[in-house]
Amino acid sequence: MSQRIATGRLLFENPVNGKDKVMHNVALSLYDDDFGPDDLLASGHTGLDGRFTLKYDPNKAGTFDRADLTLAVYLKETRYDKLGEEQTRTVLLPNFVPKVFSDVTDAVFDFGDVRVPCFEYGDASNFASPRILLDETHAMPQEHSSGRKRAELAVKTKFVRYTVTRNWPEGRIERLLKATPSDPLHDPHSEPFFTDLMLSGFNPQILKKTPDGTLLYNEFNFAGVQQDGKSFAPNTTAFWDPVTLKPVSLSVQRRVGYLQSAPTARVEEPTFYTPDKGEVWQRVKRIWRSNYFLFGEAITHLAGTHLNVEQYILAVTRNLHKNPLRALLTPHFNGTLIMNTGADTQLLGETGAITAAGAITAAGLQEVVHSAMPAFNWYGFKPRAALGPHHRFAVAAKLFWDVLTKYVDYFFDQHQEAIKTHWAEVRCFSDELVEHAVPYVEQHEESYYCTNEINKRAYPRRTVNRLPSAVSPVTESNTCDAQGWENAKQVCRYVIYCATFLHSWVNDQQYDFASDADYVSIGLAKDITDLEVNLADSISADARAARGITYFLTFVQYGYIMADEEKNMHPKLKQFLEEQKDAFAGVGVDINNIRSKINI
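The structure displayed is predicted, hence computed values, not measured ones.

A. Local environment of the packing of aromatic side chains. Per the stated rule, a full pass over the model turns up 40 aromatic pairs. An angle of 40° between the planes, with centres 5.8 Å apart, marks the rings of Phe 501 and Trp 505 as tilted. With Phe 501 and Trp 505 both in helix 12 (residues 482-507), this residue pair falls four residues apart, about one helical turn. Overall, the relative accessible area of 8% leaves Trp 505 in the buried class. In this structure an aromatic cluster arises from ring pairing among Phe 194, Phe 202, Phe 220, Phe 222, Trp 240, Trp 281, Trp 288, Tyr 292, Phe 293, Phe 295 and Phe 513. The cationic tip of Arg 161 hangs over the ring face of Tyr 162; the distance from NZ or CZ to the ring centre is 5.2 Å. Above the plane of the ring of Tyr 410 lies Lys 572, whose end atom (NZ or CZ) is 5.3 Å from the centre.

B. Seen up close, the nonpolar core. Residues Leu 30, Trp 288, Leu 325 and Tyr 497 are the most contacted members of the largest nonpolar core, which totals 169 residues. Examining the composition of this core, we find that 19 residues originate from one element, helix 4 (residues 279-319), more than from any other. Excluding anything up to four places from it in sequence, Tyr 497 contacts Phe 381, Pro 383, Phe 393, Ala 397, Phe 400, Trp 401, Leu 404 and Leu 502.

C. Highlighting the packing of helix 4 against helix 6 (residues 336-346). Packing of helix 4 against helix 6 leaves a shortest axis separation of 10 Å and a crossing angle of 130°. As judged from the angle between their axes, helix 4 and helix 6 are oblique. Considering the relative orientation of helix 4 and helix 6, their crossing is left-handed. In contact with His 306, Leu 307, Glu 310 and Ile 313 of helix 4, helix 6 contributes Thr 336, Leu 337, Met 339 and Asn 340. Of the residues contributing to the contact of helix 4 with helix 6, the split by class is four nonpolar, three polar and one charged.

Basis of the calculations
- Residues numbered from 1 in each chain as written.
- Predicted model: local features only at pLDDT ≥ 70, side-chain atom pairs only at ≥ 80, totals over all residues.
- Heavy atoms only, no water.
- Phe/Tyr/Trp six-rings, centres within 6.5 Å; stacked < 30°, edge-to-face > 60°.
- Helix = DSSP H or I, 4+ residues; strand = E, 2+ residues; numbered from the N terminus.
- Buried < 20%, exposed > 50% of the residue type's maximum accessible area, 1.4 Å probe, protein only.
- Lys NZ or Arg CZ within 6 Å of the ring centre and 35° of its normal.
- Core = buried A, V, L, I, M, F, W, Y, C linked by side-chain atoms within 4.5 Å.
- Contact = heavy atoms within 4.5 Å.
- Axes fitted to C-alpha atoms, helices over the stretch in contact; angles between N-to-C directions.
- Parallel < 35°, antiparallel > 145°, perpendicular 65-115°, else oblique.
- Left-handed = near helix turned anticlockwise from the far one by under 90°.
- Nonpolar A, V, L, I, M, F, W, Y, C, P; charged D, E, K, R; others polar.

As structure tokens, this is what we get:
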């Protein structure tokens with residue numbers, strides 16, 4: 001008999017919600033295991049049921065050799081050649097150690113159920129959001145490219161030199177503080193600068209409306225958050241005139257009693273300060289900036305980009321294989337899981353840079369992130385409306401969203417047939433995304449001046465473990481309909497937006513904003529509203545050392561859409577961005593500085 005058959009079924013290593021999950025449409029190969037190079041016997045794909053049937057010639061194992069059968073499993077990667085043509089290659093799935101079946105002579109050999117570790121879900125208890133499984137048997141399945149590694153090494157070399165010499169590059173705030181600007185927008189202590197920082201700085205805020213509608217405000221509140229017991233971190237609420245966008249007042253609400261560090265600590269009535277209070281007003285703004293920095297790192301940066309995107313990385317990588325949407329999304333993913341895992345200890349753990357420099361413990365930081373995750377959903381999202389022509393973030397965000405809309409529409413038109421043919425993969429992606437998402441929590445959308453980015457209560461949801469999911473399903477069908485088609489476009493726009501433009505805006509302003517610890521630090525030791533307190537004495541050594549972290553996170557400059565160092569950015573995305581180059585420049589955005597992925 002010259003031809004034999006190998007069959008079996010691939011399953012993900014771990015069940016999902018207590019049920020085995022098949023690996024559908026996955027590329028795999030059958031090999032004869034040898035002491036030297038293995039002999040390739042056959043290649044193919046699993047079906048939607050995870051089953052495979054591979055026909056092979058046993059003579060390929062060698063004339064006098066019985067086949068020792070083993071499997072290899074692959075994932076697909078996309079590149080583009082010089083002409084912009086898509087090039088797909090398969091990459092061996094890491095962490096899978098296949099079993100070898102020796103001296104197989106069966107005409108039909110059944111591997112049975114083969115459990116394959118593939119971007120498995122790990123313990124989400126720390127931050128509640130879906131995280132990848134990493135332990136002694138599950139290594140990181142991503143690896144930085146050689147170019148990204150060289151970029152990091154160059155920055156680390158400079159980091160060591162600057163740490164020794166303390167001759168750090170000047171950030172934007174430092175440069176402005178040394179100057180004597182005539183334009184208030186260039187004076188870090190002015191009220192226009194305060195407003196610009198709130199709207200378009202490192203942590204751009206979506207303002208809320210007071211119940212009577214007479215003022216706009218933003219608040220940073222530590223309710224339910226464990227503090228370290230050493231720092232001064234009151235709740236702050238800043239109020240703005242809705243017409244002029246000038247700051248009206250700023251309130252400080254201090255913790256009181258014997259258990260001031262506890263999540264349930266009592267608070268006093270807020271104390272209000274106004275811009276006519278001179279030095280005290282400047283110090284209250286300094287307190288606000290510490291909260292702005294801390295909540296910006298925890299919510300806008302970590303939760304809103306890094307962890308938010310991770311849940312899509314896992315669902316996309318595990319479920320989209322033959323569907324072209326894999327080629328649309330995965331070029332924006334490499335490096336994110338590496339950075340997120342490193343941040344767990346280097347930034348967020350008990351000895352991490354944020355917890356060491358800030359006012360909250362590791363448990364407190366987890367609570368802040370945990371409470372933020374239900375706010376993020378792809379459904380209905382579009383960038384916030386601009387509060388005026390000087391609302392730089394809102395204007396730039398809409399420009400980028402419009403570019404993405406044009407790009408995603410183009411991609412869907414070009415791949416319409418294949419997207420619809422393999423729509424069952426979109427259903428599997430959607431199901432897994434929703435099943436692992438955090439539960440929805442009421443966001444009180446009526447309180448915001450603009451609800452474009454708010455996860456509204458009326459959005460479609462599925463109940464998971466008796467609770468509504470924060471993330472909406474993309475489709476409930478194995479066949480594509482008009483609503484599913486539009487939903488798929490929307491989720492792709494959203495994921496790319498968060499992984500590129502939003503992360504670039506937040507990440508790359510860190511050093512310019514926070515290089516001068518006297519102007520902003522992630523924590524304060526004392527209540528500096530007391531003019532007898534020396535401001536410099538209220539900033540800890542750990543808070544000052546945060547400069548080095550922001551330097552590293554900002555200056556590893558590799559992985560940009562326009563530079564396309566890894567040749568995996570679609571030519572049309574670059575073309576559509578280039579067409580809007582001048583419009584972006586008009587709000588201070590250089591399109592060459594928009595990162596292609598979260599790899600830092």
